[in-house]
Amino acid sequence: MTPGKRILTIAFCLCCNFIHAQHGKLLFHHLTLKDGLSEQTNSFVYKDSRGFVWISSLNGLNRFDGIRILQYTPDLTDSGSIYGENIQSNFFEGQDGLMWFCTHMAINAYDFKHDTFSHYILQRDNDSLSGYHVFHLDTADNLWTLVDGKEIYRFNTRTKKFTFVAPLKYEAQRATVVKGISGEPAFIFTYAPSQPSLEVFFLDPQYKLLSNKIITESESDQPLSPRKIINDGDSILWMSVKDKLIKYNLKKNVFQNFPIKNLISLEELDSNTLLLSVHNEGLWEFDKSRDTLWRQYLHDGDDSQTPVANTFQWLSKDRDGGIWASSNGVGISYSYPVKSKFNVQKQYSLTDHTPLSINDMLSDNDGNVFCSTRPNGLFTLNRNGKVIQEWDFTDPLAQIRSESIYRIFGDRDRNKWIASFHGLSFIPPGKDEMIHVSDDTTIIWSTFQFDNDKLFCFPDKGGFYELIQQGESYIMQRIDTAANPKVYFPFHQDENGLVWMSEDLVRIVLVDPVTFQFKNIIPIEGFVEGIIENKNDHLIWLAGAHGLFRINTKNYKIESVYNSDRILGCSGITNLIQDQHSNLWLTCSNRVIMFDPMTEKIRTFDESDGLPHHQINHSVSHQFEDGEIWFSTNDAIIRFHPDDLDTLDITAIPQITSLLINDQSPIIPVVCQNTGATNITAIQKLIFSHRENTISFTVNSLEYSAPENNKVRYILEKVDPDWVEAPTGTLARYPNLRAGTFLFKVQAANSDGVYNDDIRELTITITPPFYKTWWFITLSALALLGLIIYIMYLNFSKKLELQKVRLRLYENLHDEVGSRLTSIVFMAEEVAQHNGQNPKLQQISKVAKSIVANMRRLVWATDPENDTMQSLVQKIRLDKSMILDDKIDFHLDLDPKLSDMNLQGEIRYQITSIINEALNNISKYAGAKNVFILLGMKDNDLHLRIRDDGIGFNPEETKVDKVK
């Protein structure tokens, strides 16, 4: 550091406690060859609208997703690869969905949809020009480009044509645009870091060149040679030149110089701060309102949050405010200022500037903090954390005790008690002397004041000792009722008046402060690092080596334990404080945890939030009346107010970055069924065959403030019962998916655990094998149905044919037998006429007639054409006309429900047989005038009822005597 700069820095630091930066301290992450960078000269970094970070190099392009780096390099055999390898510009996204940039050889366009490149080259006299530098994309889709370092062109991304703008007087490799009121380029500054070359071009709103001029400093009247230019509004430019930072007012043409030797690059951190890169001095913050440097970042091999090097050639800022610093040959450091939430101040002695290791704190009525350190003694800090007093004692014993303090304690009389490894002392209020109470051979573990104002101390020899005031000092008096060799560490007196003490670090005993009798025992081992009592709820929260305990003061039972196995994720708690909103703040190793007792939800803070990477001390914490909390580390104090710890407002973008089919990368690019995209990051719908049914996705949360803390949750609907939460970069694998359509969803959370409402969706269809497709099943069903119908047709045809055969047989039988029986009847009647009436002949004629009638009825019943009810009715009426006398009236009543019924031949035969037999009997014996026949349905059964109005008979008289 040069003397001049050293003076500038020190002058500012004298008032640094009164300045509040608009951002937190920068915490850096690193990217090197080990992380996948193709090469370590990375001039340009850009975060695209899809969430990916693109990093240039001398041999191609790198895409970073927070976990992995994907390399794009030139391939002469692939027309879709990048053209040229030395990338010479930043990146610009156009309305055409392409990302534009240039290599030394050409302007390149990256197609997000297909993950391919196209390129464009300016031709002149059949020669291809080189030396491109794209520096702006305007609203008319023109890329403003330096060509060969000598000319400015516009390249229209729609027409793919170049338009000449202006020649350069001095060769330049870089350019910066300043926009006018219309938002279009109004000024173009071209320059070359290696030679005087600064030139400005004035444009009208139609991009027409109005004029140009060389910018020189009045001191040397020589063109400037900036290494980088950034614009601050529409009139101020900041330039990094080799040995100075220049502020240039464009409208007033006024220069303001700030000498900074070996200045390399610069970038804007926020509206009030620049970040400067200085050779071998790392990174500096420059306060624009005070025109001074004030905070430096140097590489520290023991601290992973420091920059990767002390020299950075290039600085870039992304769309979320992230800073990317590139060190040639080393790698990239990147940081997001809004991520840092804690003010970590290292404490140094005013006399020898050695770091302080604070092991206990005590605040006074003036708002200052009285601290004990090991081995530096006692100090007083103001509310800003600055050392304002070092306690220097001339007494040798006081000096020894001040450097071996175990605990400090303030009583109600404002005495500061010093419990040390060399005895007990106290400092009276308003004095700088230490009064000793014990000799230097006794170790005093702690001092405690009961609610009755009695003071006690607890030495290593065990037991309780009351401190009794004698004059200006105190004496130690042992309490006989507690005479035992065990060591006690008192830490709280509860609402019931009982004093809580750790006994030999194996259990907690509750002691009556009057009788010193044990009233209860709580089985908690180890040091108690904090205790909070909520009297309204009758609860005590106790933190220690085995977790956080919730204890009910009504029965002194442990109700809940929170540790590494439950909710907290850790057990060894080193501090416990309750904020103004009843949240509990815990420290555990190098983490700070906020625990909400009502919801049992936690929020965890770690190094990525600005906490130091080393352990936070045991029982060293303090809370001020305004709510600010201090935690102590080995050499610093963590200062914060819980209300100021806002959650990160950078949105995490959910993305699918890779696809595996049957655990292998697709040989043939998959194609989106909706858009035709082949890049998995742009695909919306995919269809796979049943043989490609094991699908795997890499799911990412694209947010870079602390990417290792990002999370994703995903779900495959119809497969996963609920969302699955996992770290970013997780491979989600789904084996042996059944045929069907599934919706895969991904949601991303940033490093503070805040989930983005936007969800990445991908529809997946697994087609079934042909024998499970609807058309195959339909055709198969139709074929089976046709086969069944055919079989039924054959069966019916056979039955019909058999029926016809039977009918022909019956007809033949009727014709053959019937004719012969008729002959028998005629012959019997003829014999009877010639020989007189013969009973046997009459019987023969009667039987023959009956057989003929039955055969006619059987032939009628066999014919399927007579299966209708109408045919049955006609048959009944025909038979009655042949049986009944004309004097007997015949009445047939048919249920209308039976009119459309079909009856099998056997049923028709039985019905007609029964009716004919009944009609014969009525005709011979009943002497009836009317016959009534009813055919109906009852309970799905066919009912036949026959009655007459004849003489009837007595059934009792017709009974046959039983055979004895």
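These numbers were taken from a predicted model, which means no experiment stands behind them.

Let us look at the overall build of the chain. Scanning the chain from terminus to terminus reveals 6 helices and 69 strands. Within the chain, the fraction of its 964 residues that count as buried is 50%. Taking the intrachain contacts of the chain between residues at least 6 apart in sequence as the baseline, contacts between residues at least 24 apart amount to 50%.

Helix α6 (residues 905-926) packs onto helix α5 (residues 869-883) with a crossing angle of 25 degrees between their chain directions and a minimal axis gap of 10 Å. The orientation of α5 with respect to α6, classified from their angle, is roughly parallel. Crossing handedness for the pair α5 and α6: right-handed. Mapping the contact onto sequence places Leu872, Lys875, Ile876, Asp879, Lys880 and Ile883 in α5 and Arg908, Ile911, Thr912, Ile915, Asn916, Leu919, Asn920 and Ser923 in α6. The class makeup of the residues in the contact of α5 with α6 is 6 nonpolar, 4 polar and 4 charged.

What follows is about the pattern of salt bridges. This model, assessed by the stated rule, comprises 30 salt bridges. We note a salt bridge from Arg295 to Glu285, for which the minimum N-O separation is 3.4 Å. One end of the pair, Arg295, is in strand β27 (residues 292-297); the other, Glu285, is in strand β26 (residues 282-287), and 10 residues separate them in sequence. For the pair shown, Arg295 and Glu285 are each scored as buried. One salt bridge in this structure joins Lys745 and Glu717, with 2.9 Å as the shortest N-O distance. Here Lys745, found in strand β65 (residues 740-749), pairs with Glu717, found in the loop between β62 (711-716) and β63 (724-727); they are 28 residues apart in sequence, far enough to count as distant. By relative accessible area, which is 17% here, Lys745 ends up buried.

All right, on to the sheet that holds strand β19 (residues 209-214) then. Spatially, β16-β17-β18-β19 is the arrangement adopted by the 4 strands of the open sheet, whose pairing is antiparallel. In this open sheet, the two edge strands, each paired with only one partner strand, are β16 (174-179) and β19. Direction aside, neighbouring strands of the sheet carry axes that sit 20 degrees apart on average. Pairing of strand β17 (residues 185-192) with strand β18 (residues 195-203) involves 5 bridges; the strand directions are antiparallel. Paired with Thr190 across the two strands is Glu199, which belongs to β18.

Here we come to the nonpolar core. Taken as a class, soluble globular proteins show a tendency for nonpolar side chains to be buried jointly. Residues Leu31, Trp54, Leu61, Phe64, Phe91 and Trp324 are the most contacted members of the largest nonpolar core, which totals 29 residues. Counting residues per element, this core draws most heavily on strand β3 (residues 53-57), at 3 residues. Apart from the residues lying within four places of it in its own chain, the contact partners of Trp54 are Phe44, Val45, Tyr46, Asp48, Leu61, Asn62, Arg63, Tyr72, Phe91, Met99, Tyr110 and Phe112.

Right, let's talk about the sheet that holds strand β22 (residues 244-249) for a bit. Read across the open sheet, the 4 strands follow the order β20-β21-β22-β23; overall the sheet is antiparallel. Where the open sheet ends on each side, the last strands, each with one partner, are β20 (228-232) and β23 (254-259). Averaged over all adjacent pairs, the angle separating strand axes in this sheet is 20 degrees, with direction ignored. As paired strands, strand β21 (residues 236-241) and β22 are joined by 6 bridges and run antiparallel to one another. What sits directly across from Ser240, in β22, is Leu245.

Of note in the backbone geometry, Tyr207 takes a positive phi value of approximately 70 degrees without being a glycine. Of note, Tyr207 is situated in the loop between β18 and β19. Residue Tyr207 is classed as buried on the basis of its relative accessible area, which comes to 11%. For Ile567, which is not glycine, the phi dihedral falls at a positive 70 degrees. Structurally, Ile567 can be placed in the loop between β51 (557-562) and β52 (573-578).

Next up on the list: a nonpolar patch on the surface. Taken together, the side chains of Phe770, Tyr771, Trp774, Trp775, Leu779, Leu782, Leu785 and Ile789 present a nonpolar region at the surface, about 940 Å² in accessible area. Within the fold, Trp775 resides in helix α3 (residues 774-835). Take Trp775: its relative accessible area is 40%, and that puts it in the partly exposed class.

For the rest of this paragraph, the subject is the packing of aromatic side chains. Scanning the model with the defined rule gives 59 aromatic pairs in all. Sitting over the face of the ring of Phe112, Arg50 holds its NZ or CZ atom 3.8 Å from the ring centroid. One Lys or Arg, Arg383, reaches over the ring of Phe624 and ends 3.9 Å from the middle of that ring.

The next subject is α5. In this model, α5 (15 residues) spans 21 Å end to end at C-alpha, consistent with the 21 Å of a helix rising 1.5 Å per residue. Three or more residues of α5 are buried, namely Met869, Ser871, Leu872, Val873, Lys875, Ile876, Asp879 and Ile883.

Inspection of the sheet shows β62 paired to β63 by 4 bridges, in the antiparallel sense. The residue bridging Lys711 from the neighbouring strand is Pro727, located in β63. Relative to β65, β62 runs antiparallel, the two sharing 6 bridges. The residue of β65 that forms the bridge with Leu716 is Phe744.

How each quantity is defined
Residues numbered from 1 in each chain as written. Predicted model: local features only at pLDDT ≥ 70, side-chain atom pairs only at ≥ 80, totals over all residues. Heavy atoms only, no water. Helix = DSSP H or I, 4+ residues; strand = E, 2+ residues; numbered from the N terminus. Buried < 20%, exposed > 50% of the residue type's maximum accessible area, 1.4 Å probe, protein only. Contact = heavy atoms within 4.5 Å. Axes fitted to C-alpha atoms, helices over the stretch in contact; angles between N-to-C directions. Parallel < 35°, antiparallel > 145°, perpendicular 65-115°, else oblique. Left-handed = near helix turned anticlockwise from the far one by under 90°. Nonpolar A, V, L, I, M, F, W, Y, C, P; charged D, E, K, R; others polar. Salt bridge = Lys/Arg side-chain N within 4 Å of Asp/Glu carboxyl O. Pairing = 2+ DSSP bridges. Core = buried A, V, L, I, M, F, W, Y, C linked by side-chain atoms within 4.5 Å. Patch = residues over 30% accessible without salt bridge, like charges linked within 9 Å, V, L, I, M, F, W, Y side chains within 5 Å. Areas by Shrake-Rupley, 256 points an atom, 1.4 Å probe, with all protein chains shown as cover. Phe/Tyr/Trp six-rings, centres within 6.5 Å; stacked < 30°, edge-to-face > 60°. Lys NZ or Arg CZ within 6 Å of the ring centre and 35° of its normal. Expected span 1.5 Å × (residues − 1).

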